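One-letter residues, chain by chain:
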Amino acid sequence: MLNELQKEIIRLKKDKNAIILAHNYQTGDIQEIADFVGDSLGLCIKASEITDSDLVVFCGVDFMAETAYILNPYKKIVLPDREAECPMAHMLPADEIKRAKKKYPDAAVVLYVNTLAEAKAEADILCTSSNAVTVVESLSEDQILFGPDMNLAGYVSRQVNKEIIPIPEGGHCYVHKMFHTGDIAFAKEKYPDAVLLVHPECDQEVQDVADEILSTGGMMQYVAQSDKQTFIIGTEVDLVTGLRRDNPDKIFIPLLSEAICTNMKLHTLEKVKNALLNEEHLVTVDKEIADKARNAVERMLEVS
Ligand code: 13P
Ligand code: SF4
């Protein structure tokens, strides 16, 4: 049952001809009023398909809203809270990529979508956690500059027969860094039959003991198709919210209940309402940068 504020948001959304896109890490109350909830790739695809909405309220972090703008430069894209930034995306400045390109002139540049627009403009192609291997394999180059997540870079390098050079040194997501093998041992002892799903942003020692390494969207799909009953989920806690909603007969255990992306959680229903009413916190990207970055985004969408 929707509450009064949620009903008001749905009314406003209609009046404003708006669409609400939300990442899987948003709280349940926001997921309930969104037109689409998904992983980074799903959100990019959805953003590339927007035709008749005038206003897009993006309940995710800055790089996601920027990507939506890059794909829709003539639409209004708003973040309910402008401070919702992904710290990992800020770890790779465009200058560092330029320096790496000079050092490795034959390498292709593959950037995780978790980067700022200025960095995306330096990439040959983007990737997300659900298509990183496919993207790298689609390239003719055997040497790949890959950033900013060193754990995703490591995951890709173990799947492909190419040289993966991570940039910057130590790029990481503070949420997925919270998981340790001790948490897994504890959860596995309590739930010995559970399937352990972890995100490729987790450290290698965590990936090594997982049953599956998947993006958040990949986890949703895997669980929907599995005949197993219990799952330990090694990613941000609110993925479990969507999993429980879509699979009421299955059991989900967050690997760590403290694994919260506080940046994603800056959005609230009140702020979503404000975004719809006042169209505040418009996200824009300089045209020259957006034009360059669009090539890298579209190239990724073509191979996905
Ligand atoms: P996905 O939802 O694409 O797996 O990404 C996780 C994440 O950390 C996004 O910031
Ligand atoms: Fe960034 Fe990690 Fe939060 Fe995703 S979960 S937005 S990668 S800090």
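Residues numbered from 1 in each chain as written. Chains lettered and ligands numbered in written order. Predicted model: local features only at pLDDT ≥ 70, side-chain atom pairs only at ≥ 80, totals over all residues. Heavy atoms only, no water.

Points about the overall build of the protein chain
For step 1, the next point in the chain: Counting its secondary structure elements, the protein chain contains 14 helices and 12 strands.
For step 2, the next point in the chain: At 19 Å, the protein chain has a C-alpha radius of gyration in line with the 19 Å of a compact globule built from 304 residues.
For step 3, the next point in the chain: C-alpha extents for the protein chain along the principal axes are approximately 55 × 55 × 30 Å.
For step 4, the next point in the chain: Within the protein chain, the fraction of its 304 residues that count as buried is 57%.
For step 5, the next point in the chain: Excluding contacts between residues fewer than 6 apart, the proportion of contacts in the protein chain whose partners are at least 24 apart in sequence is 62%.
For step 6, the next point in the chain: A total accessible area of about 13300 Å² is found for the protein chain, and carbon and sulfur atoms account for 48% of it.
For step 7, the next point in the chain: Of the side-chain charges in the protein chain, 31 are positive and 50 negative, and the distance between the mean point of each set is 3 Å. (Helix = DSSP H or I, 4+ residues; strand = E, 2+ residues; numbered from the N terminus. Rg over C-alpha atoms; globule rule 2.2 N^0.38 Å. Buried < 20%, exposed > 50% of the residue type's maximum accessible area, 1.4 Å probe, protein only. Contact = heavy atoms within 4.5 Å. Areas by Shrake-Rupley, 256 points an atom, 1.4 Å probe, with all protein chains shown as cover. Lys, Arg positive; Asp, Glu negative; His and termini not counted. Charge placed at Lys NZ, Arg CZ, Asp CG, Glu CD.)

Observations concerning the sheet that holds strand β1 (residues 18–23)
For step 1, the next point in the chain: Overall, parallel pairing links the 4 strands, which are arranged β2-β1-β3-β4 in an open sheet. Each edge of the sheet is formed by a strand with only one pairing partner; in this case those strands are β2 (36–38) and β4 (76–78). Pairwise comparison of adjacent strand axes, ignoring direction, gives a mean angle of 20 degrees for this sheet.
For step 2, the next point in the chain: As paired strands, β1 and β2 are joined by 3 bridges and run parallel to one another. In the strand pairing of β2, Ala-22 is matched with Val-37.
For step 3, the next point in the chain: Where helix α13 (residues 269–278) meets the sheet, it contacts β1, β3 (55–59) and β4, and its direction lies at approximately 160 degrees from that of β3. (Pairing = 2+ DSSP bridges. Axes fitted to C-alpha atoms, helices over the stretch in contact; angles between N-to-C directions.)

Quick word on the site of ligand 1
For step 1, the next point in the chain: The local shell around ligand 1 consists of His-23, Tyr-25, Asp-39, Ser-40, Phe-63, Met-64, Asn-114, Ser-129, His-199, Glu-201, Ser-215 and Thr-216.
For step 2, the next point in the chain: Measuring from an oxygen atom of ligand 1, one finds a side-chain N or O atom of Thr-216 at 2.6 Å.
For step 3, the next point in the chain: When ligand 1 sits alone it has 300 Å² of accessible area, and the protein chains cover 96% of it.
For step 4, the next point in the chain: Residue composition of the shell around ligand 1, by class: 3 nonpolar, 7 polar and 2 charged. (Near = heavy atom within 4 Å. Polar contact = N/O pair within 3.5 Å; in protein donor to acceptor, adjacent residues only side chain to side chain. Nonpolar A, V, L, I, M, F, W, Y, C, P; charged D, E, K, R; others polar.)

So, the environment of Gln-221
For step 1, the next point in the chain: Looking at the element boundaries, Gln-221 is found in helix α11 (residues 216–225).
For step 2, the next point in the chain: For the pair Gln-221 and Ala-47, spaced 174 residues apart in the sequence, the C-alpha separation amounts to 20 Å.

Some remarks on the site of ligand 2
For step 1, the next point in the chain: Every residue close to ligand 2 is listed here: Tyr-25, Val-61, Cys-86, Pro-87, Met-88, Asn-114, Cys-173, Tyr-174, Val-175, Glu-201, Cys-261 and Met-264.
For step 2, the next point in the chain: Residue composition of the shell around ligand 2, by class: 10 nonpolar, 1 polar and 1 charged.

Overview of the packing of aromatic side chains
For step 1, the next point in the chain: Summed over all chains, the structure comprises 1 aromatic pair.
For step 2, the next point in the chain: Between Phe-231 and Phe-252, the aromatic rings sit 5.6 Å apart at their centres with planes inclined by 20 degrees, giving stacked as the arrangement. Highlighted residues: Phe-231 in strand β11 (residues 230–234) and Phe-252 in strand β12 (residues 251–254), separated in sequence by 21 residues.
For step 3, the next point in the chain: Owing to a relative accessible area of 2%, Phe-252 belongs among the buried residues under this scheme. (Phe/Tyr/Trp six-rings, centres within 6.5 Å; stacked < 30°, edge-to-face > 60°.)

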